[in-house]
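# Geometric and topological summary
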Amino acid sequence: MLAVAVAAGLGLFFWLRVATGGTELAAAGDTLLYYYPQYAAAGAALQDGRLPLWNPWQLLGHPWLATLQGGLLYPFHAVYAWLPTWQGMAVSSALHLGIAAVGMAVLA
């Protein structure tokens, strides 16, 4: 029960901090300058029905599906295909924090 309350509190915090702020994310740096554009472009490609194999906008182009940074094949990143990027990041953050809270409660 405590784990659910902690997960709900953390999820609410991230929802208020990240999701309601649009592109004003909780952290600048890599989150704003690297991950947000990558998730936005990958989500747009998935919404168009394309599997993004190659990223022509970064460097002189590099494999998109094969990189670990973008995590396109990570199951929880499927939210970017259905939600706007800023909402997807909030849902993903809340989901991961909930999993971590439940895992710590089980461990304790």
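Residues numbered from 1 in each chain as written. Predicted model: local features only at pLDDT ≥ 70, side-chain atom pairs only at ≥ 80, totals over all residues. Heavy atoms only, no water.

With five residues, the main nonpolar core is built from Y36, Y39, V79, Y80 and M89. Leaving out residues up to four positions away in the same chain, V79 has contacts with G88 and V91. (Core = buried A, V, L, I, M, F, W, Y, C linked by side-chain atoms within 4.5 Å. Buried < 20%, exposed > 50% of the residue type's maximum accessible area, 1.4 Å probe, protein only. Contact = heavy atoms within 4.5 Å.)

Counting through the fold element by element, H62 comes out in strand β2 (residues 62-63). A relative accessible area of 14% places H62 in the buried class. Ignoring sequence-local partners within four residues, the contact set of H62 consists of W54, N55 and T67. (Helix = DSSP H or I, 4+ residues; strand = E, 2+ residues; numbered from the N terminus.)

The terminal C-alpha atoms of helix α2 (residues 30-47) lie 24 Å apart, and with 18 residues this matches the ideal 26 Å at 1.5 Å per residue to within 8%. The largest bend in α2 amounts to roughly 30 degrees and is located at Y36, with the proline P37 lying one to four residues further along. Close packing links the buried residues of α2 with α3 (85-107). One or two residues past the end of α2 sits G49, with phi positive at roughly 85 degrees. (Expected span 1.5 Å × (residues − 1). Bend = angle between axes of the 7 residues up to and from the residue.)

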